[in-house]
Amino acid sequence: MTPFRHRHVLGIAGWTREDILQVLDLAETFREISERPIKKVPTLRGRTVVNLFLEPSTRTRTSFEIAAKRLSADTINISDSTSSTVKGETLLDTARNLQAMRPDVIVLRHSASGASAFIAQQVDAAVINAGDGLHEHPTQALLDCATIRKHKRPGATDLAGVTVAICGDIAHSRVARSDVLALCTLGAKVRVAAPRTMLPVGIEALGAEVHDRIEPAIAEADVVMMLRIQKERASGPGLFPNTREYSRYFGLGSRAAALLKEDAIIMHPGPINRGVEIDPAVADGPRSVILDQVTQGVAVRMALLYLVGGGFQEL
Ligand code: NCD
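Residues numbered from 1 in each chain as written. Predicted model: local features only at pLDDT ≥ 70, side-chain atom pairs only at ≥ 80, totals over all residues. Heavy atoms only, no water.

### Things to note about the overall build of the chain
Then, in step 1: A count of helices and strands for the chain gives 11 helices and 9 strands.
Then, in step 2: The C-alpha radius of gyration computed for the chain amounts to 19 Å, which stays within 12% of the reference 20 Å derived for 315 residues, consistent with globular compactness.
Then, in step 3: Along the three orthogonal principal directions, the C-alpha set of the chain runs to about 55 × 45 × 35 Å.
Then, in step 4: Across the chain, every contact between residues at least 6 apart in sequence was considered, and the portion connecting residues at least 24 apart equals 73%. (Helix = DSSP H or I, 4+ residues; strand = E, 2+ residues; numbered from the N terminus. Rg over C-alpha atoms; globule rule 2.2 N^0.38 Å. Contact = heavy atoms within 4.5 Å.)

Set out below in structure tokens:
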């Protein structure tokens, strides 16, 4: 197998189609390990993965921990409340101290955009960005591509011919940014839909078609991805009049879902705000692949840990 071109996983920006496909193809070979009665291979035995999560997370942190354990790496989890950042230590000091204990991989979630790239310059360990502010969330984008390929292009290489509508708070979502980059690189047609206050300047330049209403974006789409309103990242005056109005015009309820193609799939990175951006009946309905995204996430993170965590090197 060709060695991976990247030492760190900081963002999808700068990645080629081949880089993304290498991760997706390897993830497909790892999927089967999670279906075994004994879900463990010795690939990363003796390696150490530190999960440094300085922002809330359920799925991503657990997914990285399970992925590392299934490859036999030793994992250490540090969260906001258990780290010395609450005692005033800077992120740089935390990272330098962790580096002194010689981890092989540091998985970092942080509220500041660029935090992972900054830490990657300061440590010897490989750094994986598990979400940095409103900048990027590359591992989510890769698991989204893996899920779309599985359901919409089984057996194919890229996502050519697939139309994906991403709806919700595009402006404050790191998932949207990484997804648009990855999906466009794989040849998908990407539409984004949001109230004007939730559309970032320059999103067209990334290759997305922009809509300020949900209906034209989801019509004829093969994939509809709903996003949570990123209240923790939005500042200034209200972005929409009230939640009821938002969900009426931009939520995926039964009225909007009726406009979808029969075989469209519905995605959401989680956490879901039921009744706001998506109705419970739609989130739990037959077209939803939301929980499969979580399953694909483990395989994709196993692939990434393997690629940057020394899976290639003989011990
Ligand atoms: C996303 C995140 O943290 O950016 N969640 C996730 O990683 N599954 C999306 C969100 O918080 O809305």
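### So, the packing of helix 2 (residues 59-70) against helix 11 (residues 290-308)
Geometry of a packed helix pair, given as the angle between the helix axes and the separation of the axes.
Then, in step 1: Between helix 2 and helix 11, whose axes approach to 8 Å, the crossing angle comes to 55 degrees. The pairing of helix 2 with helix 11 is recorded here as oblique in orientation. Of the two elements, helix 2 crosses helix 11, and the hand of that crossing is right-handed. Along the contact surface, helix 2 presents Arg-59, Thr-60, Ser-63, Phe-64, Ile-66, Ala-67, Ala-68 and Arg-70, while helix 11 presents Val-294, Gly-297, Val-298, Arg-301, Met-302 and Leu-305.
Then, in step 2: Class assignment for the residues of the contact of helix 2 with helix 11 results in 8 nonpolar, 3 polar and 3 charged. (Axes fitted to C-alpha atoms, helices over the stretch in contact; angles between N-to-C directions. Parallel < 35°, antiparallel > 145°, perpendicular 65-115°, else oblique. Left-handed = near helix turned anticlockwise from the far one by under 90°. Nonpolar A, V, L, I, M, F, W, Y, C, P; charged D, E, K, R; others polar.)

### Notes on the domain arrangement of the chain
Then, in step 1: Here the domain parsing of the chain yields domain 1 (17-137 + 297-308) and domain 2 (138-294).
Then, in step 2: The C-alpha centroid of domain 2 is placed 25 Å from the C-alpha centroid of domain 1.
Then, in step 3: Taken together, the 27 residues of domain 1 in the interface contact 28 residues of domain 2.
Then, in step 4: Buried area between domain 1 and domain 2, summed over both chains or domains, comes out near 2,400 Å², and the portion from carbon and sulfur atoms is 58%.
Then, in step 5: Linking domain 1 with domain 2 are 5 salt bridges.
Then, in step 6: For Arg-233, the salt bridge goes to Glu-55, with nearest N and O atoms at 2.9 Å.
Then, in step 7: Run the count over domain 1 and domain 2 and you get 15 residue pairs in polar contact (both at pLDDT 80 or more).
Then, in step 8: At the level of elements, helix 1 (17-31), helix 2, strand 3 (105-110), strand 4 (126-132) and helix 11 are the ones that each hand at least two residues to the side of domain 1 that touches domain 2.
Then, in step 9: For the side of domain 1 that touches domain 2, the leading source of residues is helix 1, giving 8 residues.
Then, in step 10: Split by residue class, the side of domain 1 that touches domain 2 holds 10 nonpolar, 7 polar and 10 charged. (Domains from an automatic or database assignment. Buried area = accessible area lost by both parts, 1.4 Å probe. Salt bridge = Lys/Arg side-chain N within 4 Å of Asp/Glu carboxyl O. Polar contact = N/O pair within 3.5 Å; in protein donor to acceptor, adjacent residues only side chain to side chain.)

### Some details on the site of the ligand
Then, in step 1: Taken together, the residues surrounding the ligand are Arg-59, Thr-60, Arg-109, His-137, Gln-140, Arg-174, Val-175, Arg-228, Gln-230, Pro-269, Gly-270 and Pro-271.
Then, in step 2: In the model, an oxygen atom of the ligand is placed 3.0 Å from a nitrogen or oxygen of the Thr-60 side chain.
Then, in step 3: About the coverage of the ligand: the protein hides 95% of its 320 Å² of free accessible area.
Then, in step 4: Those elements giving two or more residues to the shell around the ligand turn out to be helix 2 and helix 6 (174-185).
Then, in step 5: Tallied by class, residues from the shell around the ligand come to 3 nonpolar, 5 polar and 4 charged.
Then, in step 6: Mapping the shell around the ligand onto the domain boundaries places at least three of its residues in each of domain 1 (17-137 + 297-308) and domain 2 (138-294). (Near = heavy atom within 4 Å. Areas by Shrake-Rupley, 256 points an atom, 1.4 Å probe, with all protein chains shown as cover.)

### A closer look at unusual backbone geometry
Leave glycine aside and you will find that most residues have negative phi; peptide bonds, for their part, are mostly trans.
Then, in step 1: Residue Pro-271 follows Gly-270 across a cis peptide bond; omega there is -5 degrees.
Then, in step 2: When you line up the elements, Pro-271 lands in the loop between strand 9 (265-267) and helix 10 (280-283).
Then, in step 3: In this structure, Ser-72 takes a positive phi of about 70 degrees despite not being glycine.
Then, in step 4: Looking at the secondary structure, you find Ser-72 in the loop between helix 2 and strand 2 (74-79).
Then, in step 5: The backbone phi angle of Glu-220 is positive, close to 65 degrees, even though this residue is not glycine.
Then, in step 6: Relative to the assigned elements, Glu-220 resides in the loop between helix 7 (214-218) and strand 8 (223-226).
Then, in step 7: On the basis of relative accessibility, which here comes to 55%, the residue Glu-220 falls in the exposed class. (Buried < 20%, exposed > 50% of the residue type's maximum accessible area, 1.4 Å probe, protein only.)

### What about the environment of Gly-207?
Then, in step 1: Position of Gly-207 among the secondary structure elements: in the loop between strand 6 (189-193) and strand 7 (209-211).
Then, in step 2: Placed 24 residues apart in sequence, Gly-207 and Leu-183 show a C-alpha to C-alpha distance of 9.4 Å.
Then, in step 3: Sequence-distant contacts of Gly-207, defined by excluding residues within four places in its chain, comprise Cys-184 and Val-190.

### Some details on the packing of helix 1 against helix 11
Then, in step 1: Contact pair helix 1 / helix 11: the axes reach a minimum separation of 8 Å and the direction vectors enclose 115 degrees. Taken together, the axes of helix 1 and helix 11 lie roughly perpendicular to each other. Along this stretch, helix 1 crosses helix 11, giving a crossing that reads as right-handed. Across the interface between the two elements, Gln-22, Val-23, Leu-26, Ala-27, Phe-30 and Arg-31 from helix 1 touch Gln-296, Ala-299, Val-300, Met-302, Ala-303, Leu-304, Tyr-306 and Leu-307 from helix 11.

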